[in-house]
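Next come the chains, spelled out residue by residue.
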Amino acid sequence: MMKLKKSFRYSMQRSIPIMVGYFPVGIAYGILMEKAGYNFIWSLFSSLFVYAGSLQMLMVTFLINNVPLFTVMITALLLNSRHLFYGISFIEKFENYNFWKYFLIYGLSDENYSLLCSYKENEEVVEKWVHIFSAGLIWFYWILFSALGGLIGKMITFDTTGIDFALTALFVVILIEQIKNSESKIPLITAMISSVLWIVIIGADNFLLPSLLTTVSVLIMWNGKKRIFDTKEGE
Amino acid sequence: MPITVEQSILIIGICAGCTFLERLLPFLIFRKGQIPSLVRYLGKVLPLAIMATLVVYCLRGTTFDEFGNFVPQTVAVAVTTVLHLWKGNTLLSVIGGTVVYMWLVQMVF
């Protein structure tokens, strides 16, 4: 019981940077929906069910323009295709979490993925519950801020320009931690070169999927050439 | 509302379904105990590669035509990094970097 409480408090602390980052993005989403003619109840439920920030922003234009459902599907799959790679690192871990596994998969957003990646062993807490609480908390923030945006978004008068940098800063911090703890820098160098190359080739708006596919291919080739990581059973 | 309630629900439902499907797919393909060593290897190396890609993705709006389009993010990333290497406190690094960024985009550029 004590451990459960500590796990919750720990998750709460870890989720604060995401709360700061979600605030302006969620509010902006709620306002966009409101302007398109969808009140806060629509924002609340779409954040509850979709839970994918960038796709939801685009979804507003789907709604306004009544985009054909097939186009919606293809665009959604392409925009979120990075999520295909997220689960790969947690297949074994989630397998032990019974039905909570599906909740964690459902909540596997960029922000939650970054928290999962940056988890470090800690005697004081229960890892399973830290992941569940963290996923639940940031999902809740997203839903709350989206609904608030629709409800009172226009009443917010202080200038929040740039506050969404909080999510970038969080990713930078987690990247630093990953670099510190990694056995090899090859994944980092590969991803950096591949991202920049693809931005030059097809532009900043569409680089994500080709870049990730290139990175995965290069990393697979590296594995074939030389075992840079110990990947024996049970690891 | 520009379109019917049914059509709106369909569009939102498709977005929700596609998102969950993509998050679920690796778990459907690979089961515990039958994970090929290649996938196990990818599971180990991908987090670093993906976090690096996500940082680039967040900064994709950067251009070098005007100071205001690259100085704020460069300085803010540097502040975040230095704070983090110095103190190692995630919340401090994130808030420090964000405050500097907001100040730069609102007051300076």
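Each chain carries its own residue numbering, running from 1 in the direction its sequence is written. Written order determines the labels here, with chains lettered from A and ligands numbered from 1. pLDDT decides what is reported in this predicted model: residues at 70 or higher carry local features, side-chain atom pairs at 80 or more are listed and counted, and totals for whole chains, interfaces and linings draw on all residues regardless. Only heavy atoms go into the side-chain values, all of them from the structure, while hydrogens and water stay out.

### Side note on the packing of aromatic side chains
For Phe, Tyr and Trp, where Trp contributes only its six-membered ring, two rings pair if their centres lie within 6.5 Å, and the inter-plane angle classes them as stacked under 30 degrees, edge-to-face over 60, or tilted in between. Across all of its chains, the model carries 23 aromatic pairs over all chains by this definition. Measuring from centroid to centroid gives 5.3 Å for phenylalanine 23 of chain A and phenylalanine 145 of chain A, while their planes differ by 90°, and the two rings are edge-to-face. Within this pair, whereas phenylalanine 23 of chain A is found in helix H1 (residues 2–35), its partner phenylalanine 145 of chain A is found in helix H8 (residues 127–152), the two being separated by 122 residues in sequence. Under the scheme applied here, a residue whose accessible area is under 20% of the maximum for its type counts as buried, over 50% as exposed, and between as partly exposed, the area being computed with a 1.4 Å probe on protein chains only. Look at phenylalanine 145 of chain A and you get buried, because its relative accessible area is 9%. The interplanar angle of 55° and the centroid separation of 6.5 Å between the aromatic rings of phenylalanine 140 of chain A and tyrosine 141 of chain A together place this pair among those described as tilted. Taking relative accessible area as the criterion, phenylalanine 140 of chain A reaches 46% and is therefore assigned partly exposed. An aromatic cluster is built from Phe8, Phe99, Trp100, Phe103, Tyr106, Trp129, Phe133 and Trp139 of chain A together with Phe20 of chain B, whose rings are joined through pairwise contacts. In this scheme, Lys NZ or Arg CZ marks a charge over a ring once it lies within 6 Å of the ring centre and within 35 degrees of the ring normal. Its end group placed over the ring of tyrosine 57 of chain B, arginine 60 of chain B keeps NZ or CZ at 4.0 Å from the ring centre. Every helix listed is a DSSP run of H or I at least four residues long, and every strand listed is a run of E at least two residues long, numbered separately from the N terminus.

### A closer look at the interface of chain B and chain A
Whether two residues are in contact is decided by their heavy atoms: any pair within 4.5 Å suffices. At the interface, 67 residues of chain B touch 100 residues of chain A. Buried area is a sum: the accessible area each of two parts loses on coming together, probed at 1.4 Å, counted once for each and added. Together, the buried faces of chain B and chain A total about 7700 Å²; carbon and sulfur atoms form 76% of this surface. Considering only the surface of chain B that becomes buried against chain A, Glu22, Arg23 and Phe27 of chain B emerge as the three largest contributors, covering 11% of it. Within this document, salt bridges are pairs made up of a side-chain nitrogen of Lys or Arg and a carboxyl oxygen of Asp or Glu, the two lying within 4 Å of each other. Counting every contact that joins chain B to chain A gives 2 salt bridges. One salt bridge in this structure joins lysine 44 of chain B and glutamate 183 of chain A, with 3.6 Å as the shortest N-O distance. Polar contact is defined as a pair of N or O atoms within 3.5 Å, subject to the rule that within protein one atom must be able to donate a hydrogen and the other to accept it, and that residues adjacent in sequence are counted only when both atoms are side-chain atoms. Summed over the shared surface of chain B and chain A, the number is 14 residue pairs in polar contact (both at pLDDT 80 or more).

### Observations regarding the state of the cysteines
Cysteine sulfurs are considered disulfide-paired once they come within 2.5 Å of each other. Within this structure, the stated rule accounts for 0 disulfides over all chains. Here cysteine 15 of chain B is not cross-linked by a disulfide; its sulfur's nearest cysteine counterpart is in cysteine 18 of chain B, at 7.0 Å.

### As for the domain arrangement of chain A
Often the size quoted for an interface is simply the accessible area lost on bringing the parts together. Residue and element names in this part refer to chain A. Per the domain assignment, the segments making up chain A are domain 1 (2–181) and domain 2 (182–235). The domain boundaries here were taken from an automatic or database domain assignment. Placing a centre on the C-alpha atoms of domain 1 and another on those of domain 2 gives a separation of 24 Å. Between domain 1 and domain 2, the contact holds 10 residues from the first and 11 residues from the second. Summing both partners gives a buried area of about 750 Å² for domain 1 against domain 2, and 73% of it is carried by carbon and sulfur.

### Some words on the environment of isoleucine 91 of chain A
Along the chain, isoleucine 91 of chain A falls in helix H5 (residues 91–95). For isoleucine 91 of chain A, a relative accessible area of 1% translates into the label buried. Expressed as a C-alpha distance, the spacing of isoleucine 91 of chain A and lysine 101 of chain A, which sit 10 residues apart in the sequence, is 9.4 Å. Filtering out sequence-adjacent residues up to four positions away, isoleucine 91 of chain A remains in contact with Pro26, Phe27, Phe30, Ile35 and Val39 of chain B.

### Points about the pattern of salt bridges
Across all of its chains, the model carries 8 salt bridges over all chains by this definition. The residue arginine 40 of chain B makes a salt bridge to glutamate 92 of chain A at a minimum N-O spacing of 3.2 Å. Placement of the pair is arginine 40 of chain B in helix H2 (residues 37–58) and glutamate 92 of chain A in helix H5, with the two residues belonging to separate chains. Classification of glutamate 92 of chain A by relative accessible area gives partly exposed; the value is 25%. Among the ionic pairs, glutamate 177 of chain A bridges to lysine 120 of chain A, the shortest N-O distance being 2.9 Å. Highlighted residues: glutamate 177 of chain A in helix H9 (residues 165–181) and lysine 120 of chain A in the loop between helix H7 (110–117) and H8, separated in sequence by 57 residues. By relative accessible area, which is 14% here, glutamate 177 of chain A ends up buried. Judged by its relative accessible area of 43%, lysine 120 of chain A falls in the partly exposed class.

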